[in-house]
Amino acid sequence: MIKQWYNSISSIKIIDFFRIGDWYMRNKLNKRGKLQCICVICCMVIAFLVSETNVNAAISLQASAQVVITKQPESVNAATGKQFTLKVEAEGTNLKYKWQAQKNDSGAWTDFRDTTPSLTRTMSSIYDGWKIRCIVTDENGNSITSEAATVKLTAGPEITKQPQSVNAANGRQFTLKVEAEGTGLKYKWQAQKPGESSWADFRDTTASLTRTMSSTYNGWEIRCIVTDGNGNNVTSNVVTVKLVSGPSITKQPQSVNAANGRQFTLKVEAEGTGLKYKWQAQKPGESSWADFRDTTASLTRTMSSTYNGWKIRCVVTDGNGNNVISDVITVIMINNEDWELPIM
């Protein structure tokens, strides 16, 4: 309005005031009237100059008062049950916000009741495909409409194998694992310590968490949050880590010196629940350990050159997977004449 009025009079120049006044004074006025006319013309010129300045200021003020959106709402891909939020940022005075939705196969825009710069909903099939925008209005009635963001329902990550609780002896390494399906998966392991209600994050970001058991971890509850590339997440079952007493060997196997053809037996005695035994041998010149098929607390063989120099041990494992390894013994084959007693 101000600009239109100003444009209508801006074509009048100051020289025009003088020309009109000069003609009027020459043809219409006496000496006294001419003096009064000069004063009037001067006042009009001054008023014109002042009004020009004020009009420009008003035009500038009006331009600066427009509403400006500085950050548009962004489209959302969310899984069922996940909360999503649309936000708009704008500059202006005493701004008001009106969110609107255009539903599938509908050309009309329907108002939400929300009147803040953000709109939050819990995802469901109802919102799938909706287009949402925000109209921002200032105190002068100036308004601007944001870009339309699209809401899309997507499949979130799914846990296919849950982590399992652990009973581990002191010093034993334990591993928790989770298996999940989805795209761009990220993993965040969390622990809740005994007597606490909050969850603390581990730094581990893979599908497994490995620690060495100690009293520090006894009683901890642990879970994993799996998040996909769209920000959808799912939380695993909570598992418990418990420190238990592992198996204990009470009698170690003994080294053997035996003649060729003589039967020898190695034995181990241990305490614990659900014990299992695995005998292993390390042959001369080798660094690896090979398993025997024997699964009892004793190992019996007939001596031959095959076993000469072998090192043998037993791994004892309890029902919780905790294990302890026996001392390593050596099997030596001796000559028959060395085995016979001397004649007295």
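Note that the structure is a prediction, hence the values are computed from the model and not measured. (Residues numbered from 1 in each chain as written. Predicted model: local features only at pLDDT ≥ 70, side-chain atom pairs only at ≥ 80, totals over all residues. Heavy atoms only, no water.)

Caption draft 1: Main features of the overall build of the protein. Looking only at helices and strands, the protein features four helices and 30 strands. Per-residue burial for the protein yields a buried fraction of 30% across its 344 residues. In the protein, 60% of the contacts between residues at least 6 apart in sequence involve partners at least 24 apart. Carbon together with sulfur atoms contributes 48% to the accessible area of the protein, which is approximately 21,600 Å² in total. (Helix = DSSP H or I, 4+ residues; strand = E, 2+ residues; numbered from the N terminus. Buried < 20%, exposed > 50% of the residue type's maximum accessible area, 1.4 Å probe, protein only. Contact = heavy atoms within 4.5 Å. Areas by Shrake-Rupley, 256 points an atom, 1.4 Å probe, with all protein chains shown as cover.)

Caption draft 2: Molecular detail of the nonpolar core. Membership of the largest hydrophobic core comes to 21 residues, with the highest contact counts inside it found for L86, W99, F112 and I132. For this core, the elements supplying multiple residues, two or more each, are β2 (76–78), β3 (83–87), β5 (96–102), β8 (131–137) and β10 (149–153). When residues no more than four places from it in sequence are discounted, the contact partners of I132 are L86, W99, Q100, A101, W109, F112, L119, E147, A148, A149 and V151. Core analysis: the next-biggest nonpolar cluster, separate from the first, contains 20 residues, V256, A258, V268 and Y277 among them. (Core = buried A, V, L, I, M, F, W, Y, C linked by side-chain atoms within 4.5 Å.)

Caption draft 3: Highlighting the pairing of strand β13 (residues 173–177). What you see with β13 is a clean split: F174 and L176 sit on the buried side and Q173, T175 and K177 on the side with no burial. In this structure, β13 lies alongside strand β17 (residues 208–212), joined through five bridges in antiparallel fashion. Considered in β17, the bridge of K177 is made with S208. (Pairing = 2+ DSSP bridges.)

Caption draft 4: Region of the structure containing the side chain of D114. When you line up the elements, D114 lands in the loop between β6 (110–111) and β7 (118–122). Of the polar contacts made by the side chain of D114, one reaches the side chain of R121; its length is 2.8 Å. With residues up to four places along the chain from it excluded, the contact list for D114 reads Y97, K98, W99, L119 and R121. (Polar contact = N/O pair within 3.5 Å; in protein donor to acceptor, adjacent residues only side chain to side chain.)

Caption draft 5: Highlighting the packing of aromatic side chains. Under the criterion given, the structure shown has nine aromatic pairs. Here F202 and W220 contribute two aromatic rings whose centre-to-centre distance is 6.2 Å and whose plane-to-plane angle is 50°, an arrangement assigned as tilted. Of this pair, F202 sits in the loop between β16 (200–201) and β17 while W220 sits in the loop between β17 and β18 (221–227); the two residues are 18 residues apart in sequence, bridging distant segments of the chain. Assigned by exposure class, F202 and W220 land together as buried. The rings of F84, F112, Y127 and W130 are connected pair by pair, giving a single aromatic cluster. Stacked on the ring of W109, the Lys or Arg R133 has its end atom at 3.9 Å from the ring centre. (Phe/Tyr/Trp six-rings, centres within 6.5 Å; stacked < 30°, edge-to-face > 60°. Lys NZ or Arg CZ within 6 Å of the ring centre and 35° of its normal.)

Caption draft 6: Focus on the pairing of strand β15 (residues 186–192). Burial analysis of β15 places five of its seven residues in the buried class, which makes it a mostly covered element. Where β15 meets β18, seven bridges bridge the pair, whose relative direction is antiparallel. For Y187, the partnering residue across the bridge sits in β18 and is V226. Where β15 and β16 come together, two bridges link them in antiparallel fashion. Looking at the pairing, Q190 lines up with D201 of β16.

Caption draft 7: Focus on the environment of W199. Looking at the secondary structure, you find W199 in the loop between β15 and β16. Once the C-alpha coordinates of W199 and I222 are considered, the two residues, 23 residues apart in sequence, prove to be 8.7 Å apart.

Caption draft 8: Highlighting the pattern of salt bridges. For the structure on display, the rule yields three salt bridges. Here R121 and D114 are joined by a salt bridge, their closest N and O atoms 2.8 Å apart. Note that R211 is salt-bridged to D204, the shortest N-O span being 2.8 Å. (Salt bridge = Lys/Arg side-chain N within 4 Å of Asp/Glu carboxyl O.)

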